[in-house]
Amino acid sequence: MATNTKREIVIIGGGIIGSCSAYYLTRHPSYDPALHKITLLEASEIAGGASGKAGGLLALWAYPSSIVPLSFKLHAQLAKEHNGKDRWGYREVNCGQLIAKGHAAQDKKEGTGPSVSLQKRDPAAIGKLRAAGIPPDLDWLNADSLRGYESMSGPGETAQVHPYLFTTSITKLAEEKGVNIVLGKATGIDQESDGVKSISYTDKASGESRTIPATDVIVSAGPWTQAVYPPAPISATRAHSVVIRPTRPVSAYTLFTNIELPSPSNPKRSTVTTPEIYARPDDTVYACGDGDHLVPLPETTADVEVDELLCQDIINSVGSISDELKFGDVAKRQACYLPNVAAGGGPLIGHTGIKGLYLASGHTCWGIQNAPGTGKLISEFVFEGSAKSAKIAALDPQRYM
Ligand SMILES: Cc1cc2nc3c(=O)[nH]c(=O)nc-3n(C[C@H](O)[C@H](O)[C@H](O)COP(=O)(O)OP(=O)(O)OC[C@H]3O[C@@H](n4cnc5c(N)ncnc54)[C@H](O)[C@@H]3O)c2cc1C
């Protein structure tokens, strides 16, 4: 692969996958800013979609196993090199599975206030926590709600980042090495007989139609990938999440839960919810609920519809097992779309079969974990012609299109 010729590289999509691709292209040994122009084209806002609204869990047991170890290691390296601890909240974290029986949601005024959490420190409550196998420092859950706990992993195998801060910081680091950030929506990938030629886009500020010449194009538009490149088999699932500022700082746990709750319409019946609950180093707690297909993918991240009732369900559910969350302040109610590979599996990383056109999309629920690995592999495809850091034949987009 000739690296000493002029290249015009365009990345479509400023989510975590596009931003990590931009970053690793600028760190590739063959990158020469005098010869290689890199543009990151983002339709609305850097990290405006799932990459800014995800949980941020990183795990060695995530999937696919072909890129997880590489990407988990790169996250640790990025954090070390760029002070990720302070810049994007990188830290190692405990992860566990929790079975609980929640209490019906009460209005704040009816509750006894934050002091309720003191119950956890009385001997009876501590006994209950021990009986359920709860680690002693996981003391922000209501003792009488807990039915069981199983540790899934600890520091060394699980870590976390704040996805919005990570994505925007990595974009900035790429920009500092020469990447040009353009706000505009890609409307076409223009080709000539021997491959890609340019990208057409609508400029966000002026609304004008423009073109960027391109020798290499990386499509990393997350759930919008199919709109940009129709053969890509990428579908979208909406998911809601909330950010709560608890009544006091809570210990570093990420929890997969199974919470039985009395049905609001018939207290004799129960429903089961499965929110994921992640304590964050900025003294907030993130929680997300299940996905839905109630509303089709809108035009841009800015048009995503947030269903307040679905957010409230998450708040009620996590508040039913933790007074720290129940009496905390809700800082964010949000929704975003997850990019899936329609046939299952994924992500899809590599050549499309059209010269100069690459795909990096379909990262499902592990895009934060797998973004640095994806970015590094994309830099190898562009500058070396193939993936070098991991064996990813199973993720070849051409197997799916
Ligand atoms: C609720 C929830 C929780 C999650 N938690 C975790 C977690 O804990 N750990 C983990 O590893 N993963 C998690 N994920 C998954 C992760 O968020 C995604 O896999 C990842 O963010 C996908 O990144 P992306 O860059 O492919 O897509 P996106 O973040 O959607 O970015 C795509 C970008 O492309 C832009 N775009 C679209 N069309 C165009 C166009 N025509 N022109 C220019 N730009 C365009 C969009 O505006 C957007 O900014 C979670 C996801 C959800 C929904």
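Residues numbered from 1 in each chain as written. Predicted model: local features only at pLDDT ≥ 70, side-chain atom pairs only at ≥ 80, totals over all residues. Heavy atoms only, no water.

**Side note on the pairing of strand β13 (residues 253-262)**
For the record, the criterion: The buried label goes to any residue with under 20% of its type's maximum accessible area, the exposed label to any with over 50%, and the partly exposed label to all in between, with areas taken from a 1.4 Å probe on protein chains only. Numbering goes from the N terminus for both helices and strands, where a helix is a DSSP run of H or I of at least four residues and a strand is a run of E of at least two. Two strands form a pair only when DSSP identifies at least two bridges running between them.
Where burial is concerned, most of β13 is hidden: seven out of the ten residues are buried. Alignment of strand β5 (residues 94-101) against β13, held across eight bridges, turns out to be parallel. When the bridges of β13 are listed, Lys-101 appears paired with Glu-260. By the bridge criterion, four bridges tie β13 to strand β14 (residues 270-273) in an arrangement that is antiparallel. Each bridged residue has a counterpart across the sheet, and for Glu-260 the counterpart in β14 is Val-272.

**Brief notes about the packing of aromatic side chains**
Keep this limit in mind: Ring pairs are drawn from Phe, Tyr and Trp, using the six-membered ring of Trp, whenever the two centres fall within 6.5 Å, and their geometry is named by plane angle: stacked under 30 degrees, edge-to-face over 60, tilted for the rest.
By the definition in use, this model includes five aromatic pairs. Ring plane angle 85° and centroid distance 5.1 Å describe the contact between Trp-88 and Phe-166, whose orientation is recorded as edge-to-face. One end of the pair, Trp-88, is in helix α4 (residues 84-88); the other, Phe-166, is in helix α6 (residues 163-176), and 78 residues separate them in sequence. This pair shows no difference in class: Trp-88 is buried, exactly as Phe-166 is.

**Quick notes on the sheet that holds strand β7 (residues 158-160)**
Filter applied, for reference: By the convention used here, residues are in contact when the closest approach between their heavy atoms is within 4.5 Å. Axis lines are fitted to C-alpha atoms, over the contacting stretch for helices. Their N-to-C directions set the angle, which ranges from 0 to 180 degrees.
Strands sit in the order β3-β7-β4 across an open sheet of three strands; the sheet is antiparallel. One side of each edge strand has no neighbouring strand; the edge strands of this open sheet are β3 (57-59) and β4 (91-92). Sheet analysis places β3 next to β7, joined by three bridges and oriented antiparallel. Note on β7: the bridge partner recorded for Leu-57 is Gln-160. The sheet strands contacting helix α3 (residues 68-82) are β3 and β7, and the helix crosses β3 at an angle near 125°.

**Brief notes about the domain arrangement of the protein**
You'll often see interface size given as the accessible area lost when the parts meet. So the rule is basically this: These domain boundaries are the output of an automatic or database domain assignment. Buried area: the accessible area, evaluated with a 1.4 Å probe, that two parts lose upon being put together, summed over both parts. Between Lys or Arg on one side and Asp or Glu on the other, a salt bridge is scored when a side-chain nitrogen of the former is within 4 Å of a carboxyl oxygen of the latter.
Considered domain by domain, the protein is made up of domain 1 (7-89 + 162-233 + 342-399) and domain 2 (94-156 + 236-338). The C-alpha centroid of domain 2 is placed 32 Å from the C-alpha centroid of domain 1. Residue-level contacts link 20 residues of domain 1 with 24 residues of domain 2. Buried area between domain 1 and domain 2, both sides added, is near 1,800 Å², and the carbon and sulfur share of it is 64%. Counting the surface domain 1 buries against domain 2, the share from its top three residues, Lys-53, Trp-61 and Trp-224, is 33%. Counting across the domain 1 and domain 2 interface gives one salt bridge. With a closest N to O distance of 2.8 Å, Glu-299 and Lys-185 form a salt bridge.

**A word on the site of the ligand**
To keep it simple, the criterion reads: One heavy atom suffices: a residue is near a molecule or strand as soon as one of its heavy atoms comes within 4 Å of it. We call two N or O atoms a polar contact when they sit within 3.5 Å, provided that within protein one can donate a hydrogen and the other can accept it, with sequence-adjacent residues counted only if both atoms are side-chain atoms. Accessible surface area values rest on a Shrake-Rupley calculation with a 1.4 Å probe, where residue burial reflects the displayed protein chains alone. For this scheme, ten residues count as nonpolar: Ala, Val, Leu, Ile, Met, Phe, Trp, Tyr, Cys and Pro. Four count as charged, namely Asp, Glu, Lys and Arg, and the remainder, Gly too, count as polar.
Near the ligand you find 41 residues, and of these Glu-42, Ser-51, Thr-364, Cys-365 and Gln-369 are the closest. In this structure, an oxygen atom belonging to the ligand sits 2.7 Å away from a side-chain N or O atom of Glu-42. Take Gly-367: an N or O atom from its main chain is 3.1 Å from an oxygen atom of the ligand. Considering the ligand on its own, with 1,000 Å² of exposed area, one finds that the protein chains cover 97% of that surface. When contributions to the shell around the ligand are tallied by element, the ones reaching two or more residues are α1 (16-27), β2 (36-42), α2 (50-53), β8 (180-192), β16 (285-292), β17 (329-341) and α10 (367-384). Looking at side-chain class alone, the shell around the ligand contains 23 nonpolar, 15 polar and three charged residues. The residue makeup of the shell around the ligand includes at least three contributed by each of domain 1 (7-89 + 162-233 + 342-399) and domain 2 (94-156 + 236-338).

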